[in-house]
Amino acid sequence: MLVARDYSRYPELFRTGGTFPYQEHDRAFLSGVAQGLRTLPRQFLDAVLPKLPALETRLSTRANILDVGCGGGFALVEFAERFPNVRCTGIDMEPVSIQMAHELIRTQGLADRVEACLVGGESLPPEFAGAFDLVTMFLVLHEIRPELKETVLKQCAQALRPGGQLLIFDERYPSGPAELRDPLLIFTVMDLGQSNQHPSGNPRPPGPRGPTSDR
Ligand SMILES: C[S@@+](CC[C@H](N)C(=O)[O-])C[C@H]1O[C@@H](n2cnc3c(N)ncnc32)[C@H](O)[C@@H]1O
């Protein structure tokens, strides 16, 4: 229903090549999307994390997590509730989402170790450098404006401690109709260790490693 409201603009957007970015939608849309996506972090923790034993050990022991594009904060809360020793920081450039995240963190009683900040992934504060064991992006990479993507990925790499991991959970584009119809291929998880970083600071182009990889 919420998405259907966009359809009336499609003919104009297809004609002009214009876009209707996520952040320009109204509160009902942003809240609806946040609710609709709330199970993704749980799916990751239940179905994928057991295949990434090094990451699971890291989270169970103690870890600082940065969730880039945290939206309504469901991943922050899910990770924090599942792993009592983690601290979670979420950032997002969209104010309504950050308000929703603040409210969720407060109602779940997690304000002592979970926070959400209104800031774009392309302009992370200097104190974030080297501060995180894990940087996550749940359905965010495809949303970042193309001209900002490289900067955001560099900032994510810089936010990691040596040996930290970048986790990207996102939609994948099917190579043909058969893949389009296979629900198991809708999402892909990439788990990239900082050892993949080139000395120049530019992330090396990663090969998709699928959900069963770890280091
Ligand atoms: C589809 S939503 C996913 C939100 C959340 N991760 C989830 O799973 O519910 C994409 C999010 O990415 C955020 N986003 C897009 N570009 C961004 C940027 N440059 N920096 C920070 N957040 C960004 C949007 O504001 C939006 O909240």
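Just so it is clear, the structure is predicted and the values come from calculations on it, not from any experiment.

Trainee: Describe in detail the overall build of the protein chain, supporting the description with residues and values.
Mentor: Scanning the protein chain for helices and strands turns up eight helices and six strands. Along the protein chain, from the amino end to the carboxyl end, the secondary structure elements read α-α-α-α-β-α-β-α-β-β-α-β-α-β. Counting across all 215 residues of the protein chain, residues that qualify as buried make up 32%.

Trainee: For the site of the ligand, give the residues involved together with the corresponding values.
Mentor: Neighbouring residues of the ligand: 28 residues in total, closest L37, G69, G71, E94 and G121. The set of elements that each furnish at least two residues to the shell around the ligand consists of helix 2 (27-36), helix 5 (74-82), strand 2 (86-92) and helix 7 (146-159). Counted by class, the shell around the ligand contains 17 nonpolar, seven polar and four charged residues.

Trainee: Describe the sheet that holds strand 6 (residues 187-193), naming the residues involved and giving the relevant values.
Mentor: What the six strands build is an open sheet, ordered 3-2-1-4-5-6; its pairing is mixed. On the outer flanks of this sheet lie strand 3 (114-118) and strand 6, each paired with one strand and no other. On average, each strand axis in the sheet is tilted by 15° relative to the strand beside it, whichever way the strands run. Here seven bridges tie strand 5 (residues 160-171) to strand 6, and the two strands are oriented antiparallel to one another.

Trainee: Explain the confidence of the model for the protein chain residue by residue, including any values.
Mentor: Looking at the protein chain as a whole, its pLDDT mean stands at 87, while 89% of the residues score no less than 70. Across residues 195-213, where pLDDT falls below 50, the model places 23 contacts with residues more than four positions away in sequence or in other chains.

Trainee: Please set out the environment of L124 residue by residue, giving values where relevant.
Mentor: Looking at the element boundaries, L124 is found in the loop between strand 3 and strand 4 (132-138). On a C-alpha basis, the gap between L124 and Q155 in space is 6.8 Å, while along the polypeptide they are 31 residues apart. Contacts of L124, omitting those with residues within four sequence positions, involve I91, V119, Q155 and A159.

Trainee: For the packing of helix 3 (residues 40-48) against helix 5, give the residues involved together with the corresponding values.
Mentor: Two elements in contact, helix 3 and helix 5, have axes whose closest approach is 8 Å; the angle formed by their N-to-C orientations is 35°. Residue-level inspection shows P41, R42 and L45 of helix 3 in contact with helix 5, the latter providing F74, A75, E78, F79 and R82. Tallied by class, the residues present in the contact of helix 3 with helix 5 amount to five nonpolar, no polar and three charged.

Trainee: Provide a residue-level description of the packing of helix 2 against helix 6 (residues 95-107), including the pertinent values.
Mentor: Interhelical geometry of helix 2 versus helix 6 gives an angle of 50° and a closest axis separation of 10 Å. Classified by the angle their axes make, helix 2 and helix 6 are oblique. Helix-helix and strand crossings are classified by hand; for helix 2 and helix 6 the assignment is right-handed. Every residue of helix 6 that contacts helix 2 at R27, L30, S31 and A34 is listed here: V96, S97 and M100. Here the residues of the contact of helix 2 with helix 6 are counted per class, giving four nonpolar, two polar and one charged.

Trainee: Before we move on, could you go through the nonpolar core and cite the residues and values that matter?
Mentor: Counting residues in hydrophobic clusters, the biggest one holds 46 residues, and the most contacted among them are I65, V68, L76, A101, V135 and A159. Broken down by element, the residue count for this core peaks at six residues, all from helix 5. Those residues within four positions of L76 in sequence are excluded, and the remaining contacts are D67, C70, C88, G90, A101, I105, V114 and A116.

Criteria and thresholds
Residues numbered from 1 in each chain as written. Predicted model: local features only at pLDDT ≥ 70, side-chain atom pairs only at ≥ 80, totals over all residues. Helix = DSSP H or I, 4+ residues; strand = E, 2+ residues; numbered from the N terminus. Buried ≥ 20, exposed ≤ 12 C-beta atoms within 10 Å, placed from the backbone. Near = placed C-beta within 6 Å. Nonpolar A, V, L, I, M, F, W, Y, C, P; charged D, E, K, R; others polar. Pairing = 2+ DSSP bridges. Axes fitted to C-alpha atoms, helices over the stretch in contact; angles between N-to-C directions. pLDDT = per-residue confidence, 0-100. Contact = placed C-beta atoms within 7 Å. Parallel < 35°, antiparallel > 145°, perpendicular 65-115°, else oblique. Left-handed = near helix turned anticlockwise from the far one by under 90°. Core = buried A, V, L, I, M, F, W, Y, C linked by C-beta atoms within 7 Å.

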